[in-house]
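Next come the chains, spelled out residue by residue.
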Amino acid sequence: MTHKFLSHQELASLIGQLLAAKTRVIAPVRAKDDSSQLEYQPIQSPDDATFGVRLPRRSLKEFFLPPTEVLLHYKQTKAGVEIREVPTEVPPQVIFGAVPCDAAGLAAVDKVMNWDYRDELWFGRREATTIVSFLCNTMDATCFCTAVGLGPESSTGSDALFVPVEDGYLAYLVTPKGEALLQNHGTEATATMLADAETSQREARAKVEPNLAAIPVEFATWLASNFDHPVWKTLALRCHGCGACAAMCPTCHCFDIVDEHISADEGVRRRNWDSCQTGLFTVHSSGHNPRASQSERFRQRIQHKFSIYPSRFGEILCTGCGRCSRGCPGGMDLPSIVGELVALAQAKPEAGGQ
Amino acid sequence: MNIYQPHLMRIREITDETIDTRTLKLEFEDPGVAEHFQFSAGQFGEYSVFGEGESTFCIASPPTRAGYIECSFKATGKVTQALRRLDVGDTVGFRGPYGNHFPLEKMKGHSIVFIAGGIGLAPVRAVIWNVLDLRDQFKDLTIVYGARSVGDLVYKRELEQWAQRSDVKLCLAVDPGGQTPDWKGLVARIPTAVEQTVATAEDTFAVICGPPIMIKFTLPVLEKLGFPGERIYTTLENRMKCGLGKCGRCNIGPTYVCKDGPVFTAAQMRNLPQEF
């Protein structure tokens, strides 16, 4: 991986140049309704960005899988129905200040969106976007990225990773898109900068690691063979089935497809975020519901993230950002729950379930 | 064209099967799409009424009849009720074919027992006509079909055609109380009808579709007859939106009905988490 040094002024001038060229630039900014919160937003000036203060309250997912988006327009005419396609190509955009767990979430969803059938709406935005993640140093007790195989210094899903050093950043250029972004910017990094950056990364990791031990590979197999374990009955007792966890999650990608009238003969087909935690998610038209209770729906959430997706794609569908725990009105805490389940999985076989 | 964009199809024919079940015969508007469209018996699609949404059904016609597809549905929800309001000449959307299919190649040279209950005959009918169109490549064919009442039997004109063929053994049954004075078939539930009709599992595959309760009580009968779970095929249906493995709705544990199914063997079903 190549690297460069970029001073604070050079970063500001890079962002300024992009904005001047009408490139959409997205960065963490203070939320309008709550200045203690950050959210990813398109910015108008380099000064709008607020880097390294805290985890933005929602993930980057909405820029690639919007909460609601039009899949097609239809129009009824005398002759039949006309369909107008939506464009899948979008203008280039650059995201600065992504947290590594959010960039990694996009890489995980890529695998689903490319599973046999390629979702061009997703990939149109993915390909048009250059993602610059910053080393995370705003972790709290709910973060557990190191337990899911990532870390505050992870470059998974990022085109470049910026690590703060004196007067600026050490920029690791992860992909050709990252290299292209900094082609005319930055200077050669010194050995001191490299050493400092490595120390920061080690220190950042050490802050998250105590929160939850690395999830063992065998956990996925244990989950698959303990679908009927009694623990599922009690785990979800505090879950309201509201789906806040899924909305905040960088990897939850379930969606609904619905039609909406605009007028009597015109309308759109939309894709909307959905969540496996809601009661109607799987209900059949006969009224039969394969996941009739909240314990079954919560089991699906855990199984999907830690067993089903891993069995298909070889990694965990969770980046350890902890937003689901912070946002849960019932106080469900994913790292504690996963920790409890891992402990069950590692208990003696006779105590481990069926 | 993005993967969620449907092909446009015209309704060419409407057949009312029962008081609430209807079959639509559909043709692609675009002759280029029609020419290249291929599917196998058991595959499904997403059918849409513009302004109402999409709904998932199997393709109920056999791939041996080119130029059109058929779907049969019961008006139960928003989309199916809207489909019912459409007329001949109206346009619907279709995405597909999706999913796996019944292994016709494997069944060639063997006998097949088809078992269906109610509207569960729709996917089985696609296989039956497929096999009948290639009749000399299969051995004995037996069809056991039943519904709650005589009025609930679907594809009645085809039941008559099958009854008249000497190369098909057909057994029709209705639940006790569902018979009419002139009913000539059995008055029995499907498991009993299978017990009375199917003599042997030797060299035979079973294809079974119907309500979960029917399948639950028929599988032991088939096993008693000697059918191994690997030779009993059925379809699972779960609520779906995309049909492409992305919307996250139809999975039963690690198994995605839209991609790994909808056709499964009884042996595979036994290994699934019991969440369907």
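Since we're looking at a predicted model, the values are computed, not measured.

Calculation rules
Residues numbered from 1 in each chain as written. Chains lettered and ligands numbered in written order. Predicted model: local features only at pLDDT ≥ 70, side-chain atom pairs only at ≥ 80, totals over all residues. Helix = DSSP H or I, 4+ residues; strand = E, 2+ residues; numbered from the N terminus. Rg over C-alpha atoms; globule rule 2.2 N^0.38 Å. Buried ≥ 20, exposed ≤ 12 C-beta atoms within 10 Å, placed from the backbone. Contact = placed C-beta atoms within 7 Å. Expected span 1.5 Å × (residues − 1). Bend = angle between axes of the 7 residues up to and from the residue. Pairing = 2+ DSSP bridges. Axes fitted to C-alpha atoms, helices over the stretch in contact; angles between N-to-C directions. Parallel < 35°, antiparallel > 145°, perpendicular 65-115°, else oblique. Left-handed = near helix turned anticlockwise from the far one by under 90°. Nonpolar A, V, L, I, M, F, W, Y, C, P; charged D, E, K, R; others polar. Domains from an automatic or database assignment. Core = buried A, V, L, I, M, F, W, Y, C linked by C-beta atoms within 7 Å.

Quick look at the overall build of chain A now. Of the regular secondary structure elements, chain A holds 11 helices and 11 strands. Relative to the globule expectation of 20 Å for 354 residues, the C-alpha radius of gyration of chain A, 22 Å, shows essentially globular dimensions. The principal-axis extents of the C-alpha atoms in chain A amount to approximately 70 × 65 × 40 Å. Scored against the burial criterion, the 354 residues of chain A give a buried share of 45%. Pairs at least 24 residues apart make up 70% of the contacts formed inside chain A by residues separated by at least 6 positions.

Here we take up helix H9 (residues 294-313) of chain A. All names here are of chain A. When the terminal C-alpha atoms of H9 are compared, their 26 Å separation across 20 residues agrees well with the 28 Å that a helix rising 1.5 Å per residue should span. In H9, a bend of some 55° at His304 exceeds every other bend along the element. Looking at the residues trailing H9, positive phi occurs at Gly314, about 75°.

Looking now at the sheet that holds strand S9 (residues 169-174) of chain B. Residues and elements named next belong to chain B. Spatially, the 7 strands line up as an open sheet ordered S10-S9-S8-S7-S11-S12-S15, and their pairing is mixed. Across the chains shown, the open sheet's two edge strands, defined by having one partner strand only, are strand S10 (186-187) and strand S15 (263-265). Helix H4 (residues 121-133) contacts strand S7 (111-117), strand S8 (141-147), strand S11 (204-209) and strand S12 (232-235) of the sheet and is inclined by roughly 155° relative to S7.

Turning next to the packing of helix H6 (residues 218-225) of chain A against H9(A). Residue and element names in this part refer to chain A. Packing of H6 against H9 leaves a shortest axis separation of 9 Å and a crossing angle of 110°. When the axis of H6 is compared with that of H9, the two are roughly perpendicular. Of the two elements, H6 crosses H9, and the hand of that crossing is left-handed. Facing Phe219, Ala220, Leu223 and Ala224 of H6, the residues of H9 in contact are Ile302, Gln303, Phe306, Ser307, Pro310 and Ser311. Of the residues assigned to the contact of H6 with H9, the class counts are 7 nonpolar, 3 polar and no charged.

Before going further, it helps to examine the interface of chain B and chain A. Contacts between chain B and chain A engage 32 residues on the former and 42 residues on the latter. A class-by-class count of the residues in the side of chain B that touches chain A yields 11 nonpolar, 12 polar and 9 charged.

In this section: the domain arrangement of chain A. Residue and element names in this part refer to chain A. Each domain of chain A was delimited in the assignment, giving domain 1 (2-210) and domain 2 (218-351). Listed as interface residues are 32 residues of domain 1 and, on the opposing side, 28 residues of domain 2. When residues of the side of domain 1 that touches domain 2 are traced back to their parent elements, those giving at least two are strand S4 (68-77) and helix H2 (100-113). Sorting elements by how many residues they give to the side of domain 1 that touches domain 2 places S4 first, with 9 residues. Residues of the side of domain 1 that touches domain 2, tallied by class, amount to 19 nonpolar, 7 polar and 6 charged.

Residue and element names in this part refer to chain B. Cis geometry marks the peptide bond from Gly96 to Pro97, where omega comes out at 0°. Residue placement: Pro97 occurs in strand S6 (residues 91-98). Cis geometry marks the peptide bond from Gly261 to Pro262; its omega dihedral reads 10°. On the secondary structure map, Pro262 appears in the loop between strand S14 (255-256) and S15. You will see that Tyr155, though not glycine, has its phi angle at about 55°, which is positive. Although it is not a glycine, Asp203 sits at a positive phi angle of roughly 55°. Considering the arrangement of structural elements, one finds Asp203 in the loop between helix H6 (190-197) and S11. Accessibility expressed as a C-beta count within 10 Å gives 11 for Asp203, which makes it exposed.

Residues and elements named next belong to chain B. Assigned domains of chain B: these are domain 1 (7-98) and domain 2 (104-235). Measuring from the centre of the C-alpha atoms in domain 1 to the corresponding centre in domain 2 gives 24 Å. With 15 residues of domain 1 at the interface, the matching set in domain 2 holds 16 residues. Grouping the constituent residues of the side of domain 1 that touches domain 2 by class yields 7 nonpolar, 6 polar and 2 charged.

Quick look at the nonpolar core now. Counting 176 residues, the largest nonpolar core has Ala160(A), Leu170(A), Phe114(B), Ala206(B) and Val207(B) as the members making the most contacts within it. With residues up to four places along the chain from it excluded, the contact list for Ala206(B) reads Val113(B), Ile115(B), Leu222(B), Phe227(B), Arg231(B), Ile232(B) and Tyr233(B).

For the rest of this paragraph, the subject is the sheet that holds strand S4 (residues 53-58) of chain B. The strands that make up a sheet are held in pairs by hydrogen bonds between backbone atoms, and each pair lies either parallel or antiparallel. All names here are of chain B. What the 6 strands build is an open sheet, ordered S4-S3-S6-S1-S2-S5; its pairing is antiparallel. A strand with exactly one partner marks an edge of an open sheet, and here the two such strands are S4 and strand S5 (69-74). Adjacent strand axes in the sheet meet at a mean angle of 40°, parallel and antiparallel pairs treated alike. In this sheet, S6 lies alongside strand S3 (residues 44-49) in antiparallel orientation, the contact comprising 4 bridges. Its bridge partner lying in S6, Tyr47 is registered against Phe94. With respect to the sheet, helix H2 (residues 78-85) is in contact with strand S2 (21-28), S3, S4 and S5, its orientation differing from that of S4 by roughly 85°.

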